[in-house]
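Remarks on the overall topology
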Amino acid sequence: MTAHPVSSRRRLLAGAAGLGGAALATAVAAGGPAAANDPKTDPEEATAGKGRTGWLNVKDRAFGALGDDQADDQPAIQRAIDMAGQGGTVYFPPGRYRLASPLRLSCGVTLRGDWNPHFPMRTNMVDSYLRPGIGNFTGEALIVVDPVPPQGDYQNSAFRGGPRLYGLALDGRDQKDSTGAAVDGIRINPGVRDVGMDKVTVWRFSGHGVNAQNSAAFQLNQVHAIHNGGHGFTWGDARGNGGGLVDADLFQCYSQGNKGHGYDILNPNAVTLVDCRSEWNSQHGYHITGRVYSLVLVGCNTDRSGGNGFHVATSAGGRFAHFVGCLAKRDGRNGPGHAGFRVSGNWAAGVVLTGCSTSVARDDDNAGAYSPSYGLSTTALDSSHFVSVTGGQYVGTEAAFDDAGKVVVRHSGVAAGIQTSGTPVFDRSDVHVVSGGVGTYRDVEFATRGRNRRWALRATSASESGANNGSDFALVRYADNGTELDHPLRVNRANGRIFLGQENSTPSVEVNVNSNPGFRLASSRTQGGQGYAFVGADTTARAFQSQIPGDAISRYVIEVDGAQSWGPGGTTVRDTSWGRLGPAAVGSPNADIVAAKAGRGLKVKEGADAKMGTLTLTGDTPVTVPTTAVTAASRIFLTVQEPGGTPSGIAYVSGRVPGESFSVRGTAGDASTVAWLIVEPA
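Note that the structure is a prediction, hence the values are computed from the model and not measured.

**Focus: the overall build of the protein chain**
Within the protein chain, the regular secondary structure consists of six helices and 53 strands. When burial is assessed residue by residue, the protein chain has 44% of its 682 residues classed as buried. Of the contacts formed within the protein chain by residues at least 6 apart in sequence, a portion of 57% connects residues at least 24 apart. Put simply, the protein chain shows about 32600 Å² of open surface, and 53% of that area lies on carbon and sulfur atoms.

See below:
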């Protein structure tokens, strides 16, 4: 028996569905008797628009596309799209399809081709593509996707699944429509949900490559937008009601050489970009604006953008924009002031850069200026939010960081450098920067795991009023319950004074290197208070030493046992010492004692058991002076202080008992007052 022609065609399409590339093109494009079936007269074909799962070949005689780069194939292809219906596939075998008006999609139809060049300018896309008609195209885009009414709520608005584009090459060649307006490659109108694109190339359209307005639920994989007159990809809001891009995933998409931004994204919400690239676009690489909510970019990169590599201009109400492992290379080629990463607007809640980096370079041929000016730049941000940076290397021609918004928090592993030519010069420091607005605390806190704060390093909220006033530094101490106790250490930024204990209170230690006294210790203890204590390892330890700049040897030293020594400074050893020479003996082993000021000299205490005093002679009868200070070796000096009786001027030591007394005699009739002084030989 002869098989039914439609059934034969169905089997052919079903078999071809499991093939790819050239095999699929050969099987479906072969045509033959099955390709001649007319869906208008075949009862089975007449129902093809209702849930059909087979593939429709646009070159079948039922549709009549030629792909000869001459005829207008739009009507033929549109018939296939309309017939395919929800879940159907319209297949484009290799060919050059000219369209005088847009292809329009609404329900879940798949347009499938077999080729999409990654670099169309290298192939010139001469063999297989969809292309606007020369000089006679009418419409806003080559492919237009419209919403399917009724929309309903968001969860049910995709109408059993939206359209899919696979393996398509769109060649714009800078054509304008008949009115002179710019033409987009793919236009997705407001309200469309659930759009998938896989291996699609959009090249040289006078408008945007992919233009989606107020749409959601996108999945794009290896979609390339190259050398278009507008943005490579743009998700905006033509209706102005706060839409943008919602619930979208972009994988390995590529935007190159477009005259606008590489990726222009408004109000992203639950959006992820993975391994996407933006190169040589005239404006920003990634232009992200509006209410940024739950945006994640992983492994994305830029190269030689005209503006900033990653430009985030946020509006109030959003939270979380995470950049993980993203690279910004030699962006800002249009002029100075640009950055690899720039965060601006008035809201930066949850902006996190983890393991991201920037690099400075020129054009591929070493022409042009080195750029960008900054690795990371912030402007005009609400100071209650911040940009958190962890890891990575940031380089700019002017500075690694331009924190005009004063919100950058740098964590461990961040390297920063400057490069104006050649190789970058890194500061090789591991810096943690905590930024905040004037009048706010900026803390680095230390807590016990699972418990409250214990310590904090704080830039205080002291008001900044010029002359280095305000934003003082404090070490903050907390109680077990996490309440603040005091500031055991505080530094005044204006004058450099360091306070141990609360400022302007006692007890405290104040250190001020710029005024007198440089060091002041104040204690409120009235009995037994100890102002300073030094504990050394042995008697050679130095409790204090002083020198001036340039000295190799300290000029003044106090050792732990109280011995002091002085010297002239420079490289000369100290030559003068003073200290304990023995039990109850203080003196210098190597220096004279000099009273170098007129009117100054030696004073010795008189009294019981003293070393100095007076006596009155009684002629030649001995006068005994009781004093325990006399020794067997004592030198006792006598001198007449006041003559009396029959003075002879003669008085001498007539005897001594060491440790007890000595005696003095004169001549008969002498009653003079005589002074005595005991000196021990050293």
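Next, the rest of the story.
**So, the state of the cysteines**
Under the counting rule described, the total for this entry stands at zero disulfides. C326 takes part in no disulfide bond, and the closest cysteine sulfur, belonging to C356, lies 4.6 Å away.

**Let's talk about the side chain of N492**
By the element assignment, N492 lies in the loop between strand 39 (484-491) and strand 40 (498-500). At 3.2 Å, the side chain of N492 forms a polar contact with the backbone nitrogen of N495.

**Let's talk about the packing of aromatic side chains**
Applying the stated criterion to the full structure yields 16 aromatic pairs. Ring geometry for F218 against W235: centres 6.1 Å apart, planes inclined by 90°, an arrangement best described as edge-to-face. Separated by 17 residues along the polypeptide, F218 in strand 13 (residues 215-226) and W235 in strand 14 (residues 233-236) bring together distant segments of the chain. The class for F218 is buried, based on a relative accessible area of 1%. When its relative accessible area of 0% is taken as the criterion, W235 is described as buried. Cluster of aromatic residues (ring-pair linked, three or more members): F218, F233, W235, Y263, Y286, F310, F323, F341, Y394 and F401.

**Considering the pattern of salt bridges**
Evaluation of the coordinates by the stated rule reveals 16 salt bridges. Close ionic contact of R104 with E140 constitutes a salt bridge, the shortest N to O distance being 3.7 Å. Linking R104 in strand 5 (residues 103-105) with E140 in the loop between strand 7 (129-132) and strand 8 (141-145), this pair joins segments that are 36 residues apart in sequence. On the accessibility criterion, R104 (34% relative accessible area) is partly exposed. Judged by relative accessible area, which is 29%, E140 ranks as partly exposed. Between R555 and D551 there is a salt bridge whose closest N-O contact spans 2.6 Å.

**Description of the sheet that holds strand 49 (residues 623-626)**
Within a sheet, adjacent strands bond to each other through the backbone by hydrogen bonds, running parallel or antiparallel. Pairing within the open sheet is antiparallel, and its three strands lie in the order 49-52-51. The open sheet has two free edges, formed respectively by strand 49 and strand 51 (652-657), since each of these has just one partner strand. Strand-to-strand twist of the sheet, defined as the mean angle between neighbouring strand axes without regard to direction, takes the value 25°. Summarising the sheet, strand 49 and strand 52 (residues 661-665) pair through four bridges and their orientation is antiparallel. Of the residues in strand 52, the one forming a bridge with V623 is V664.

**Notes on the sheet that holds strand 48 (residues 612-616)**
Taken in spatial order, the three strands line up as 48-53-50 in an open sheet, and their pairing is antiparallel. Each end of this open sheet is capped by a strand with a single partner; those strands are strand 48 and strand 50 (635-642). Sheet twist, expressed as the average angle between the axes of neighbouring strands with direction ignored, equals 25°. Pairing of strand 50 with strand 53 (residues 673-679) involves seven bridges; the strand directions are antiparallel. Residue pairing for strand 53: L638 is matched across the bridge by W676.

**Some points on the confidence of the model for the protein chain**
Model confidence for the protein chain is summarised by a mean pLDDT of 84, while 84% of its residues fall at 70 or above. Confidence drops under a pLDDT of 50 for residues 1-53, and excluding neighbours within four residues, the segment shows 71 contacts in the predicted structure.

**Description of unusual backbone geometry**
Cis geometry marks the peptide bond from S371 to P372, where omega comes out at 5°. Relative to the elements of secondary structure, P372 occurs in the loop between strand 28 (357-359) and strand 29 (374-378). Even without glycine at this site, D69 takes up a positive phi of about 65°. Among the secondary structure elements, D69 is positioned in strand 2 (residues 68-72). D69 sits in the buried class, given a relative accessible area of 16%. Here N267, not a glycine, exhibits a phi torsion of approximately 50°, which is positive. Topologically, N267 is positioned in the loop between strand 17 (263-266) and strand 18 (269-274).

So, how was this worked out
- All residue numbers here refer to positions counted from 1 along the written sequence of the relevant chain.
- Local features in this predicted model are restricted to residues of pLDDT 70 or higher, and side-chain atom pairs are both shown and tallied only at a pLDDT of 80 or more, whereas totals for entire chains, interfaces and linings draw on every residue.
- The basis for every side-chain value is the complete set of heavy atoms in the structure, and neither hydrogens nor water enter the calculation.
- The numbering of helices and of strands both runs from the N terminus, where a helix is a DSSP run of H or I of at least 4 residues and a strand a run of E of at least 2.
- Exposed residues in this analysis have more than 50% of their type's maximum accessible area, buried residues have under 20%, and partly exposed residues fall in between, with area computed by a 1.4 Å probe over protein chains only.
- We call two residues in contact when some of their heavy atoms are within 4.5 Å.
- Here, Shrake-Rupley sampling with a 1.4 Å probe gives the accessible areas, and only protein chains in the shown set may cover a residue.
- Cysteine sulfurs are considered disulfide-paired once they come within 2.5 Å of each other.
- Two N or O atoms form a polar contact when they lie within 3.5 Å of each other; inside protein one atom must be a possible hydrogen donor and the other a possible acceptor, and for residues adjacent in sequence the pair counts only when both atoms belong to side chains.
- For Phe, Tyr and Trp, where Trp contributes only its six-membered ring, two rings pair if their centres lie within 6.5 Å, and the inter-plane angle classes them as stacked under 30 degrees, edge-to-face over 60, or tilted in between.
- Any Lys or Arg side-chain nitrogen found within 4 Å of a carboxyl oxygen on Asp or Glu counts as a salt bridge.
- Two strands are said to pair when DSSP picks up at least two bridges between them.
- Angles here are taken between N-to-C directions and fall from 0 to 180 degrees, while the axes themselves are lines fitted to C-alpha atoms, restricted in helices to the stretch in contact.
- How sure the predictor is of each residue is captured by pLDDT, a score from 0 to 100.

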